[in-house]
Amino acid sequence: MNFIEVSELNKSYGDLQILKNINLTIKKGIIFGLVGHSGAGKSTLLRTFNGLENFQSGHLKINNVEIDKLNSRELREFRKKVGMIFQHFSLMHRKNVYENVILPLQCWRQKIDKKKIYNLLELVGLEEKAQFYPNELSGGQKQRVAIARALVMNPHLLLSDEATSALDPSITGSILDLLKQVNDELGVTIVLVTHEMEVVKKICKEAAFMEAGEVLKSGNIEELFLEPDKKMREFLGENEILPKEGINIRIYFPKEVAQNPIITKMARNLEMNFNIVWGSLESFGGIVLGVLVINIAKEFQEGVCSYLSKSGVRWEIV
Ligand SMILES: Nc1ncnc2c1ncn2[C@@H]1O[C@H](COP(=O)(O)OP(=O)(O)OP(=O)(O)O)[C@@H](O)[C@H]1O
Ligand SMILES: [Mg+2]
């Protein structure tokens, strides 16, 4: 089921068009990445998802509701169920961890269930720090407070704008693990903006690549990274320098055969030599997948192609 549906969405500031004919669907319950270079329009698009940012034309449905058609009271209700976290945490420095986390409840005049708050603090790993002030916490701990605060209203959607960009790479991993846990355990759909490909590979199931206000491509992570077209390759900075001699074949390893020494077996079977031109093994959500470009002599082309087809890997001549 689609949770977010964007169609033909356009947004400008004055004469400057920031979002250009955006078409995108985000499934319920997944972690979706919005990736792109600085200025691509990622944050702007993300802000439309909580109704903070208007747009000139197009449609945006969240949980089957066209949010630009809501009146201000309905929009307030809608926004209660959308949590957001940022790069710089935006905590209140004069309030302790507990007081920061309950702020949304106070703001929306909701009952405060102390036990529930402590459960939430436990989920983010801060049950011991409830009385601490932000300046007594590390960057990673501050982001954990911000995550707890974003979850306190039981949102169905969590928006994250570069939530790990200000953190040490070693801390980034644990915050991403926490987001994954929140997604798994609470079923919250997460849309995450980042310029770091590693973040996307680690926890996103699907992603959209944005450049200059456009979505270049979107879909399943494995397909985006394993079968990039020309535009995507430029974007990913994957520069293969291919030999002019012989035949170059790019082979994609789906997860079932990623570890299978299929190429070595093939070489032995066909009694041939091959050169590895370019290869990359990548981990997607803990699963290792690979792309390999091999170079072979022309005389082996037919044999290799039929061998590869039979073995169930995807391949193409490049
Ligand atoms: N309030 C505004 N008025 C005019 N232009 C704006 C405004 N906000 C953003 N822009 C422009 O919109 C474009 C997209 O900005 P946005 O912040 O969405 O990019 P981004 O992809 O999030 O970039 P970054 O990775 O640097 O955060 C930029 O060119 C920016 O200058
Ligand atoms: Mg941004």
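Conventions used here
- Residues numbered from 1 in each chain as written.
- Chains lettered and ligands numbered in written order.
- Predicted model: local features only at pLDDT ≥ 70, side-chain atom pairs only at ≥ 80, totals over all residues.
- Heavy atoms only, no water.
- Helix = DSSP H or I, 4+ residues; strand = E, 2+ residues; numbered from the N terminus.
- Buried < 20%, exposed > 50% of the residue type's maximum accessible area, 1.4 Å probe, protein only.
- Contact = heavy atoms within 4.5 Å.
- Areas by Shrake-Rupley, 256 points an atom, 1.4 Å probe, with all protein chains shown as cover.
- Lys, Arg positive; Asp, Glu negative; His and termini not counted.
- Charge placed at Lys NZ, Arg CZ, Asp CG, Glu CD.
- Core = buried A, V, L, I, M, F, W, Y, C linked by side-chain atoms within 4.5 Å.
- Salt bridge = Lys/Arg side-chain N within 4 Å of Asp/Glu carboxyl O.
- Polar contact = N/O pair within 3.5 Å; in protein donor to acceptor, adjacent residues only side chain to side chain.
- Domains from an automatic or database assignment.

- Per an unreviewed UniProt entry, the chain is named Methionine ABC transporter ATP-binding protein, and its organism is Helicobacter apodemus.

1. Re the overall build of the chain
No. 1: Counting its regular elements, the chain contains 11 helices and 14 strands.
No. 2: Taking the principal axes of the C-alpha coordinates as reference, the chain spans close to 75 × 50 × 30 Å.
No. 3: The 318 residues of the chain split such that 47% are buried.
No. 4: Here the contacts in the chain between residues at least 6 apart in sequence split such that 68% fall between residues at least 24 apart.
No. 5: When the accessible surface of the chain is summed, it comes to about 16200 Å², and 48% of that surface belongs to carbon and sulfur atoms.
No. 6: Averaging the locations of the 40 positively and 39 negatively charged side chains of the chain gives two centres separated by 6 Å.

2. Observations concerning the nonpolar core
No. 1: Ranked by internal contacts, the top residues of the largest apolar core, which has 49 residues, are Val101, Ile117, Leu121, Ile147, Leu179, Leu192 and Phe209.
No. 2: For this core, the element with the highest residue contribution is helix α5 (residues 139-151), accounting for six residues.
No. 3: Filtering out sequence-adjacent residues up to four positions away, Ile147 remains in contact with Ile85, Val124, Ile175, Leu178 and Leu179.
No. 4: Residues Ile18, Val191, Met210 and Val215 belong to the second largest nonpolar core, which totals 30 residues.

3. Some points on the side chain of Arg149
No. 1: With respect to the helices and strands, Arg149 occurs in helix α5.
No. 2: Despite its burial, Arg149 remains without a salt bridge, the nearest opposite charge being carried by Glu99 at 12 Å.
No. 3: One polar contact links the side chain of Arg149 to the main-chain carbonyl oxygen of Ser90, over a distance of 2.8 Å.
No. 4: Those residues in contact with Arg149 that lie beyond four places of it in its chain are Phe89, Ser90, Leu91, Asn100, Val101 and Pro104.

4. Side note on the domain arrangement of the chain
Size of an interface: often given as the accessible area lost when the parts come together.
No. 1: For the chain, the assigned domains read domain 1 (2-233) and domain 2 (240-317).
No. 2: Each of domain 1 and domain 2 has a C-alpha centre, and the two are 38 Å apart.

5. A few points about unusual backbone geometry
Glycine aside, residues mostly have negative phi angles, and peptide bonds mostly take the trans form.
No. 1: Unlike most non-glycine residues, Asn21 shows phi in positive territory, near 45 degrees.
No. 2: One can find Asn21 in strand β2 (residues 16-27).
No. 3: The phi angle at Ser90 is positive, at roughly 45 degrees, despite the residue not being glycine.
No. 4: Its location among the elements puts Ser90 in the loop between β6 (82-86) and α3 (97-107).

6. Considerations on the pattern of salt bridges
No. 1: Evaluation of the coordinates by the stated rule reveals nine salt bridges.
No. 2: Put simply, Glu206 and Lys27 hold a salt bridge, and the shortest N to O gap is 2.5 Å. A residue pair is termed long-range when its members are at least 10 positions apart, and Glu206 in strand β9 (residues 206-211) and Lys27 in strand β2 qualify at 179 residues.
No. 3: Residue Glu206 is classed as buried on the basis of its relative accessible area, which comes to 9%.
No. 4: Using a relative accessible area of 37% as the deciding quantity, one classes Lys27 as partly exposed.
No. 5: When the shortest N-O distance is used, the salt bridge between Lys202 and Asp177 registers 3.3 Å.

7. Section: α3
No. 1: The buried count for α3 comes to eight of 11 residues, which makes it a mostly enclosed element.
No. 2: All of the buried residues in α3 are Val97, Tyr98, Asn100, Val101, Ile102, Leu103, Pro104 and Leu105.
No. 3: Elements in contact with the buried residues of α3: α4 (114-123) and α5.
No. 4: A distance of 3.1 Å separates the backbone nitrogen of Tyr98 from a side-chain oxygen at the start of α3, and that oxygen is part of Asn96.
No. 5: In the stretch just after α3, Arg109 is the one whose phi turns positive, near 55 degrees.

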